[in-house]
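Residue-level structure breakdown
Listed here are the chains, written in short residue letters.
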Amino acid sequence: MTKPKRLYAAMCLVLAAAAGAGAEGRAETFEFGVVAPLSGGGADYGMAFQNGIKMAVAEVNKAGGVKVGGKSYTLVPAFCDDEFKPDKAVNCGKELASQRKVRVILTPSSLAAFPMMGFNQQEGFILMATSQTPRFTRMGNKLVVRFINNTDRTMGPWVELLNAHFKKTGQPIDKAAMMVVNTELGKTWADNFAASWKKRGGAAVVGSASYNANDTDFYPQLSTLLPNGPDAIILTTVCQPSAIVIKQARELGFKGPFIQSAACSGDELARLLPAEQVNGTIFEVGNWGGDAPEVTAFKAAYQAEFNAPPQAISGEGHDAVLWLARAVELAGSVDNAAKIRAAMPDALAASKNMFNMANLDDKGDIDFPMYVGIVANGNVSVFTGDK
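Structure report, in brief. These numbers were taken from a predicted model, which means no experiment stands behind them.

1. Section: the environment of Phe383
- Turning to its location among the elements, Phe383 is positioned in strand 13 (residues 379–383).
- Beyond its immediate stretch of four places on either side in the chain, Phe383 contacts Leu161, Ala164, His165, Lys168, Tyr371, Val372 and Ile374.

Right under this line is the structure:
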């Protein structure tokens, strides 16, 4: 990192903390870290995560902050831009943990989560992540918490639901090609999906190509996949690069549907692309895709606050912060990561959330139901299999 970039990153952290502390005028603060891509190929995704966190922080502080030991603590997020790069995530994590002494860091990606797992226990901070990768909770790390689905738990049922959707619509998918982002999540999600689909009589995988989420030219990969005649293309990363892949695939004549992992939400992709390019795209989606009152209310509040539609990651970040705030209160500590982690199962049970998250276990996994989302004319509908 160059000297100007280091200075800029440090200024961002200081300004974030100062803004939060000054907002309510309290002397006591509970600061937590957020490592997210605020620039680069995942910037739109990272900003959506950041905004959801800001909304939750404002709600907690407006209600009096976090109550611990007879004191009220102002909740303060310290944001650090990882530029969607693992080495930058390490720099962010170490600065937040070693210099700012945060006891919790949130991140919306496996790309950042896995490198920070190399030192989170040593530094004594809880790592909360939206990593769908099964290995995130298999490594015996006592201070990791997932606030999204584990694909080992959900992929089989989701693929069954996907096949039921294709059967209902009469849309034959005999062959599929995969665009696999070169991250831990990209490979494991693709492998898990392919194995589950094969086991359940799904389409044959006729090609796979690797790519970097910060790239903008995907013609070489698509040019090797499309001659194999896929009926569908699988996408495995956030919306910005996925939108570019879709646009370029359409330009090359591909007319079939895309099947997108939960890394990108349908409403955001519909915003990025014209309807004729994105119609028929299928998503791995949680309760976010439905019309539950709490989801509808959050989307309206987000739109009013930021003059932009939220993404699923916005809601996930929001709910994670509310969950964390409750855990700190139940733990009775703002500086003991082990106590806060031990309080998180009861905190989740006591907290309402938009995604039906429940049952945090000792490994860091939760229940997080997933459904099939479908984009049509800028709108997202959800197929749950229910009649």
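Past the structure itself, the notes keep going.
2. Examining the pairing of strand 13
- Note that strand 12 (residues 371–376) and strand 13 share 5 bridges and pair antiparallel. Along strand 13, the bridge assignment pairs Ile374 with Ser381.
- Counting the residues between successive antiparallel strands, the hairpin from strand 12 to strand 13 contains 2 residues, one of them, Asn377, with a positive phi of roughly 55°.

3. Notes on the pairing of strand 4 (residues 104–107)
- Both faces of strand 4 are covered, namely the face carrying Val104 and Leu106 and the face carrying Ile105 and Thr107.
- Of the strand pairs in this sheet, strand 1 (residues 29–36) and strand 4 are connected by 2 bridges, and their pairing is parallel. When the bridges of strand 4 are listed, Gly33 appears paired with Ile105.
- Here 4 bridges tie strand 4 to strand 5 (residues 126–129), and the two strands are oriented parallel to one another. Following the sheet pairing, Val104 is matched in strand 5 by Ile126.

4. Considerations on the state of the cysteines
- Per the counting criterion, the structure on display carries 2 disulfides.
- Here Cys80 is linked by a disulfide to Cys92, with a sulfur-sulfur distance of 2.2 Å. Torsion about the S-S bond of the Cys80 and Cys92 cystine: about -75°, corresponding to left-handed handedness. Linking Cys80 in strand 3 (residues 71–81) with Cys92 in helix 3 (residues 86–99), this pair joins segments that are 12 residues apart in sequence.
- For Cys80, a relative accessible area of 4% translates into the label buried.
- The disulfide partner of Cys239 is Cys264, and the gap between their sulfur atoms is 2.0 Å. Measuring the twist about the S-S bond at about 95°, one finds the Cys239-Cys264 disulfide to be right-handed. Here Cys239, found in helix 9 (residues 239–251), pairs with Cys264, found in the loop between strand 10 (258–260) and helix 10 (266–272); they are 25 residues apart in sequence, far enough to count as distant.

5. Considerations on unusual backbone geometry
- For Phe84, which is not glycine, the phi torsion reads 65° and is therefore positive.
- Residue position: Phe84 is located in the loop between strand 3 and helix 3.
- Look at Phe84 and you get buried, because its relative accessible area is 8%.

6. Details of the pattern of salt bridges
- One pass over the full model with this rule turns up 14 salt bridges.
- Measuring nitrogen to oxygen at the nearest pair gives 2.2 Å for the salt bridge that ties Arg138 to Asp152. One end of the pair, Arg138, is in the loop between strand 5 and strand 6 (144–146); the other, Asp152, is in helix 6 (residues 151–169), with 14 residues separating them in the sequence.
- The class of Arg138 is exposed, set by a relative accessible area of 57%.
- The residue Asp361 makes a salt bridge to Arg153 at a minimum N-O spacing of 2.9 Å. Separated by 208 residues along the polypeptide, Asp361 in the loop between helix 14 (337–350) and strand 12 and Arg153 in helix 6 bring together distant segments of the chain.

Cut-offs used in this document
Residues numbered from 1 in each chain as written. Predicted model: local features only at pLDDT ≥ 70, side-chain atom pairs only at ≥ 80, totals over all residues. Heavy atoms only, no water. Helix = DSSP H or I, 4+ residues; strand = E, 2+ residues; numbered from the N terminus. Contact = heavy atoms within 4.5 Å. Pairing = 2+ DSSP bridges. Buried < 20%, exposed > 50% of the residue type's maximum accessible area, 1.4 Å probe, protein only. Disulfide = S-S within 2.5 Å. Salt bridge = Lys/Arg side-chain N within 4 Å of Asp/Glu carboxyl O.

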